[in-house]
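Results of the structural survey
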Amino acid sequence: MNDNKMNIQWYPGHMTKAKRMMQEDIKLIDIVIELLDARIPLSSKNPDIDELAKNKYRLILLNKADLADAAVTKKWEEYFNEKGFFVLCLDSRKNTGMKAITDKIMEACKEKLERDRKRGIIGRPIRAMVVGIPNVGKSTFINSFSKKAVAKVGNKPGVTKGKQWIRIDKNVELLDTPGILWPKFEDEAIGLRLSYIGSINDDILTKSEIALSLIDFLKNNYCNTLIDRYNIDIEKNSHEILNDIAIIRKCLKKGNEPDYDKAANLIFDDFRSGKLGRISLEAPQI
């Protein structure tokens, strides 16, 4: 792999505005529901959310769990439980794990509900703010949870631009918020992982360079996925593997020259859609 450092940063202006809006709305909220990508739970966890949500009940949803290594996801569930969070794993696209969410919200907010009951306040819905980084699946989750298409869905970051309240049932109201990152990734590996899953605008990335680092990771951790999907020799270096994938999958320019950016797009599409199998990009240090 190339030895050049890839210092990926992406913090467009609308995220600053969205963060201010969330800071203003947090006083209306009982519980913060944070969606993380189950393939990179720590790298997809915005550190600014912990400051925003202090003194609020917290529920972490490990979304896209169907794309992640199940054994690693189990360790992440234990990790966040030990940190004091309520945690659920789900695949909001297929409604897997959705039925437990309302009960988990009620469990997390039971002290608040009991205080309301003692004050004679019955039937007031729990107000939840749904937060997460771009492209982590917030809108798909909200549509699945509410059983109606109330949030605009896209497979790229930046689809949700403003906030909206959604009444789920008599027990829960959700405040949808735009996906926000944080101003600076201290660890370059975080920027890479966010690039792999599509949380950073692809247009600012050198896709072929990012693909080389993903190939290196897969070679070292999930080598069979590359063999099974592309029928290639993984004893080669990442440049050679990218070249072979371009040729095998006919990602070619004029004159039959390999088109590395096109091959990189193919690899990312395969990874993001789960065609490479269930892959976790990081594991907790327990």
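Residues numbered from 1 in each chain as written. Predicted model: local features only at pLDDT ≥ 70, side-chain atom pairs only at ≥ 80, totals over all residues. Heavy atoms only, no water.

1. Let's talk about the sheet that holds strand S3 (residues 86-89)
- Pairing is mixed across the open sheet formed by 6 strands, whose spatial order is S3-S2-S1-S4-S6-S5. One side of each edge strand has no neighbouring strand; the edge strands of this open sheet are S3 and strand S5 (164-167). Put simply, the sheet's adjacent strands are angled 25 degrees from each other on average, direction ignored. (Pairing = 2+ DSSP bridges. Helix = DSSP H or I, 4+ residues; strand = E, 2+ residues; numbered from the N terminus. Axes fitted to C-alpha atoms, helices over the stretch in contact; angles between N-to-C directions.)

2. Overview of unusual backbone geometry
- The backbone phi angle of Asn55 is positive, close to 70 degrees, even though this residue is not glycine.
- Residue position: Asn55 is located in the loop between helix H2 (47-52) and strand S2 (57-63).
- For Asn55, a relative accessible area of 78% puts it in the exposed group.
- Its identity as a non-glycine residue notwithstanding, Asn231 has a phi of 55 degrees, on the positive side. (Buried < 20%, exposed > 50% of the residue type's maximum accessible area, 1.4 Å probe, protein only.)

3. A few points about helix H11 (residues 260-273)
- The end-to-end C-alpha distance of H11 is 20 Å, a good match for the 20 Å that 14 residues give at a rise of 1.5 Å each.
- Residues of H11 that are buried in the fold lie against helix H7 (188-197), helix H8 (207-221), helix H9 (223-230) and helix H10 (238-248).
- Two or three places before Asp261, at the start of H11, stands the capping residue Asp259, its side-chain oxygen 3.3 Å from that residue's backbone nitrogen.
- The positive-phi residue at the C-terminal boundary of H11 is Gly274, with phi of around 90 degrees. (Expected span 1.5 Å × (residues − 1). Contact = heavy atoms within 4.5 Å. Polar contact = N/O pair within 3.5 Å; in protein donor to acceptor, adjacent residues only side chain to side chain.)

4. Concerning the pairing of S5
- Looking at chain direction, S5 and strand S6 (residues 172-176) are connected through 4 bridges and run antiparallel. Looking at the pairing, Ile166 lines up with Leu174 of S6.
- In this structure, the hairpin formed by S5 and S6 is closed by a connection of 4 residues.

5. A few points about H8
- Taking 1.5 Å of rise per residue, 15 residues should cover 21 Å, and H8 covers 21 Å from first to last C-alpha, within 8% of that figure.
- Within H8, 11 of the 15 residues are buried, which leaves it mostly tucked inside the rest of the structure.
- Every buried residue belonging to H8 is among Lys207, Ser208, Ile210, Ala211, Leu212, Ser213, Leu214, Ile215, Asp216, Phe217 and Leu218, and all of these are buried.
- The elements touched by buried residues of H8 are H7, H9, H10 and H11.

6. Quick notes on the pattern of salt bridges
- Taken as a whole, this structure holds 18 salt bridges when the rule is applied.
- As a salt-bridge pair, Asp50 and Arg58 come within 3.1 Å of each other at their nearest N and O atoms.
- For Arg58, a relative accessible area of 11% translates into the label buried.
- As a salt-bridge pair, Asp270 and Arg229 come within 3.2 Å of each other at their nearest N and O atoms. Of this pair, Asp270 sits in helix H11 while Arg229 sits in helix H9; the two residues are 41 residues apart in sequence, bridging distant segments of the chain.
- We classify Arg229 as partly exposed; its relative accessible area is 29%. (Salt bridge = Lys/Arg side-chain N within 4 Å of Asp/Glu carboxyl O.)

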